[in-house]
Amino acid sequence: MIKVLLVVPRKDYINPSWRTFLNTYLPANDAVNVEFELEEKVVPLSELHQHTYSADVIMSRGFLSKILLELKLTIPVVDIPVQGIDLVRSLFTCRKKYGKKKVAVIGASNMIYGVGQLEEIVDLAIDQYYLDTLSDIPKWVDTAKRSGSEVVLAGINTCAYARNVGLDTIIIQTSEESFHQALREALRIAVTSKNDQQKLKQFQAILDNAYEGVIAIDMEHRVTAFNEAAQRILHTHYKEISHHQIDELIQDGELLRLLTDQSKFKEDILPYRSNLLSVKKVPLYLRNQRFGNMVTFQDITGIEEMENKIRKKLYLKGHIAKHHFHHIIAESPIVKQTIEMAKRYSEVDSNILIIGETGTGKEMYTQSIHNASNRRNQPFVAINCAALPENLLESELFGYVEGAFTGAVKGGKKGIFELAHRGTLFLDEIGEISTSLQSRLLRVLQEREVMRIGDDKVIPINVRIIAATNKNLLELVKNNAFREDLYYRLSVLHLNLPPLRACKEDIPLMVNTFIQKYTEKNQEIKVSRSAMDRLVEEKWEGNVRELQNFCERLAVLCNGNQIDITDIEMYLPKVNYLTTESQANSRSNGMTEKENIMEVLKANQYHKEDTAKQLGVSRTTLWRKLKKYKIHT
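Residues numbered from 1 in each chain as written. Predicted model: local features only at pLDDT ≥ 70, side-chain atom pairs only at ≥ 80, totals over all residues. Heavy atoms only, no water.

What follows deals with the overall build of the chain. When helices and strands are tallied, the chain shows 26 helices and 24 strands. Going through the 633 residues of the chain one by one, you find that 46% of them count as buried. Put simply, of all contacts in the chain between residues at least 6 apart along the chain, 63% involve residues at least 24 apart. Of the accessible surface of the chain, which amounts to about 33800 Å², a share of 50% is contributed by carbon and sulfur atoms. (Helix = DSSP H or I, 4+ residues; strand = E, 2+ residues; numbered from the N terminus. Buried < 20%, exposed > 50% of the residue type's maximum accessible area, 1.4 Å probe, protein only. Contact = heavy atoms within 4.5 Å. Areas by Shrake-Rupley, 256 points an atom, 1.4 Å probe, with all protein chains shown as cover.)

This part is about helix α26 (residues 619–628). Of the residues making up α26, those classed as buried are T620, T621, L622, R624, K625 and L626. The inward-facing, buried residues of α26 abut β15 (380–384), β18 (424–428), α24 (593–603) and α25 (608–615). Once α26 ends, the next one or two residues include K630, with phi positive near 55 degrees.

Moving on, we come to the pattern of salt bridges. The final tally for this structure, using the stated rule, is 25 salt bridges. As a salt-bridge pair, D123 and K100 come within 2.6 Å of each other at their nearest N and O atoms. Taken together, the positions of D123 in the loop between α5 (119–122) and β6 (126–130) and K100 in the loop between α3 (84–98) and β5 (103–107) put the pair 23 residues apart, joining distant regions of the chain. D123 gets classed as partly exposed once you look at its relative accessible area, which sits at 37%. Given the relative accessible area of 56%, K100 is considered exposed. Of the charged contacts, one joins K413 and E396 as a salt bridge, the two residues approaching to 2.7 Å between their closest N and O atoms. Remark: E396 occurs in helix α14 (residues 390–398) and K413 occurs in strand β17 (residues 413–414); sequence separation between them is 17 residues. Among the residues examined, K413 registers a relative accessible area of 32% and is labelled partly exposed. Look at the salt bridges and you will find they share partners, linking R95, K100 and D123 into a network. (Salt bridge = Lys/Arg side-chain N within 4 Å of Asp/Glu carboxyl O.)

We now examine the packing of aromatic side chains. Centre distance and the angle of the planes are the two values used to describe a pair of aromatic rings. One pass over the full model with this rule turns up four aromatic pairs. For the pair W540 and F550, a centre-to-centre distance of 5.8 Å together with 45 degrees between the ring planes defines the contact as tilted. In this pair, W540 is assigned in the loop between α20 (529–537) and α21 (543–557) and F550 in helix α21, connecting sequence segments 10 residues apart. One exposure class covers both W540 and F550, and it is buried. Of note, R440 hangs over the ring of F398, and the distance from its end group to the ring centre comes to 4.2 Å. (Phe/Tyr/Trp six-rings, centres within 6.5 Å; stacked < 30°, edge-to-face > 60°. Lys NZ or Arg CZ within 6 Å of the ring centre and 35° of its normal.)

The phi torsion at K72 lies on the positive side, around 55 degrees, for a residue other than glycine. Among the secondary structure elements, K72 is positioned in the loop between α2 (62–70) and β4 (77–79). A residue is classified by how much of its surface remains accessible, and K72, at 72% relative accessible area, is exposed. The residue R422 is not glycine, and still its phi comes out positive at about 75 degrees. With respect to the helices and strands, R422 occurs in the loop between α15 (416–419) and β18.

In this model, the chain carries an average pLDDT of 83, and 89% of its residues clear a pLDDT of 70 or more. Strand β14 (residues 352–355) holds the highest mean pLDDT among the elements of the chain, 96, whereas helix α23 (residues 581–586) holds the lowest, 40. Within the model, pLDDT remains below 50 along residues 579–590, and this stretch shows 11 contacts once partners closer than five positions in the same chain are excluded. (pLDDT = per-residue confidence, 0-100.)

Strand order in the open sheet made by the four strands is β2-β1-β3-β4, with parallel pairing throughout. The open sheet has two edge strands, β2 (36–42) and β4, and neither has a second partner. Neighbour to neighbour, the strand axes of the sheet diverge by 25 degrees on average, direction disregarded. The pairing of strand β1 (residues 2–8) with β2 spans seven bridges and is parallel. Counterpart to V7 in the pairing with β2 is K41. Packed on one face of the sheet, α2 meets β1, β3 (57–60) and β4 and runs near 150 degrees to β4. (Pairing = 2+ DSSP bridges. Axes fitted to C-alpha atoms, helices over the stretch in contact; angles between N-to-C directions.)

Before going further, it helps to examine the pairing of β18. β18 sits mainly inside the fold: five of its five residues count as buried. Residues T424, F426 and D428 point to one face of β18 and L425 and L427 to the other, with burial holding for every one of them. Relative to strand β21 (residues 464–469), β18 runs parallel, the two sharing four bridges. Along β21, the bridge assignment pairs L427 with A467.

With 43 residues, the main nonpolar core has Y365, L495, V511 and L547 as its most contacted residues. Setting aside chain neighbours within four positions, we find V511 in contact with V527, M532, L535, L547 and C551. (Core = buried A, V, L, I, M, F, W, Y, C linked by side-chain atoms within 4.5 Å.)

With that settled, consider the packing of α24 against α26. Look at α24 against α26: their axes get within 11 Å of each other, and the N-to-C directions meet at 120 degrees. In terms of orientation, α24 and α26 fall into the oblique class. In the crossing of α24 with α26, the sense of the turn from one axis to the other is left-handed. Facing α24, whose interface residues are E593, I597 and L601, α26 presents L622, K625, L626 and K628. Classifying every residue of the contact of α24 with α26 by side-chain character gives four nonpolar, no polar and three charged. (Parallel < 35°, antiparallel > 145°, perpendicular 65-115°, else oblique. Left-handed = near helix turned anticlockwise from the far one by under 90°. Nonpolar A, V, L, I, M, F, W, Y, C, P; charged D, E, K, R; others polar.)

Here we come to the environment of G616. On the secondary structure map, G616 appears in the loop between α25 and α26. The spatial distance from the C-alpha of G616 to the C-alpha of N543 is 8.5 Å, given a sequence separation of 73 residues. Setting aside anything within four residues of it in sequence, one finds G616 in contact with G542, E546 and N549.

The subject of this paragraph is the sheet that holds β15. In spatial order, the strands read β15-β18-β21-β14-β22; together these five strands make up an open sheet with parallel pairing. Here the strands that pair on one side only, and so sit at the sheet edges, are β15 and β22 (493–496). Taking the axes of each pair of neighbouring strands and ignoring which way they run, one obtains an average angle of 15 degrees across the sheet.

The next point concerns the side chain of E593. Relative to the helices and strands, E593 resides in helix α24. The buried category is assigned to E593, whose relative accessible area is 1%. Separated by 3.5 Å, the side chains of E593 and K625 make a polar contact. A distance of 2.3 Å separates the side chain of E593 from the side chain of Y629, its partner in a polar contact. (Polar contact = N/O pair within 3.5 Å; in protein donor to acceptor, adjacent residues only side chain to side chain.)

Okay, structure coming up:
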């Protein structure tokens, strides 16, 4: 729907055309076939500049349209012309009414241009006077009177003054044909303007939502585009930027010189105030004629932030730390003391070595440290160094480029050091990596940069390392199985996790928490005093994980709402399947550790997670044992 606003100085100004139009419709073969509404707005000449106009196009006549055009509104203005036929009709009316009296035709140039050439047609003496402003009316009317004119043919205001000085008057009328012609032109312009405005709005929306700054200028260095990103990056804020000279908006420097010189395509890194900008320049051509220049640019800091967002979005799905310190169940002083030390470690960025037996919660502490640190909103990436063969572990840690080795995926792959950029990398079972891989890891920690396999470029990284082991790394250092310099790089801060036997007062709270976790909703299972005492006495070689797995078994197998000591004895493993190596070697009767593992694997159809649960160990420990005994699954 096109809205046409007819601006007039008084009601019925364009009459009878306006009234005739209200009862007619445009011809069926009209070139502009659109729906529209027409509204008349009365605005005195003196108030034109004070009003706001809401429409797709404005129509007016004479001085009103002349002044509206001079106001340079954003809405197109169409002048309703006084055509030659309208002047001829008005002059014939004048002759019919007043005879062959001399006529003075007075008006704006857009109304009466060429009227003097009609003298022979209408057989009247005609003088014409052009009005530049309304204040010229008395001057030209008085001049016409002195020159012998007896009739004034003009607009309403001029005729009113002429009558006051004793002259006859005829008001110039707009014919229906002229009005319709002007309306057709108004509708055509409105449709074109609306389409252009929509395209401009779309173009501006694209510009303003672009991440890059965009500036375009013409050959006179006037700004034709300057998007919001450009204003933000350059710290320039103007409500109205168009048609400004570019040197009024940005300070003198390399960016201004690049934008205004006649060089062609160019990419460069340029300083601007305290920032570094990555800039691309493109000359603008139309029909092989250059009409301006454009630059696109980004703040290099912004590029890093965007890269970080992309990394998180595309590559870090699932790399999230879920645990917090309040998830760690603690009543004993030793565990509370360990938590407090871990909290203090979270306040700094130093590398941490966590030492603890299997099942003591090394990853839970690591995730809690990450979530309490200033890296909490950055990625948390964990890898088990014991679960992968050396060559696969290397490619996972450092990444690789396309064609680096047989089977390398097209386009290459980012390593977890890159994925963990600005965040935390958890290296579990760090004692299991080979000495050759230790050397490469040491270099990454020293230089804070990584090189993908098969590449010759280094990539800067900012990663906090938390490593964990259940081995005595110092003993491995003495036996030349672990690099001493790497050990000291990793162990800037130490965190020793107590085994469950050192904090048995935590067991009752853990048991109740775990059993309730695995119990159906609206069901409460209580543990008798004797059953709880038995659980506290038990040697939990798998520590918290083994206890948690056993509590899950109790919750599933228990009948009724109470667990008694008979339930404990019934479901408690009679054999600790996994033992230390010395215990395994000293055992003279019964199954060996390897045989026990193979039997449980077979019973669980080689499902590793179920096997680890039944054995009361972590999957990491199971992986390590499978590797040790060369058990292939």
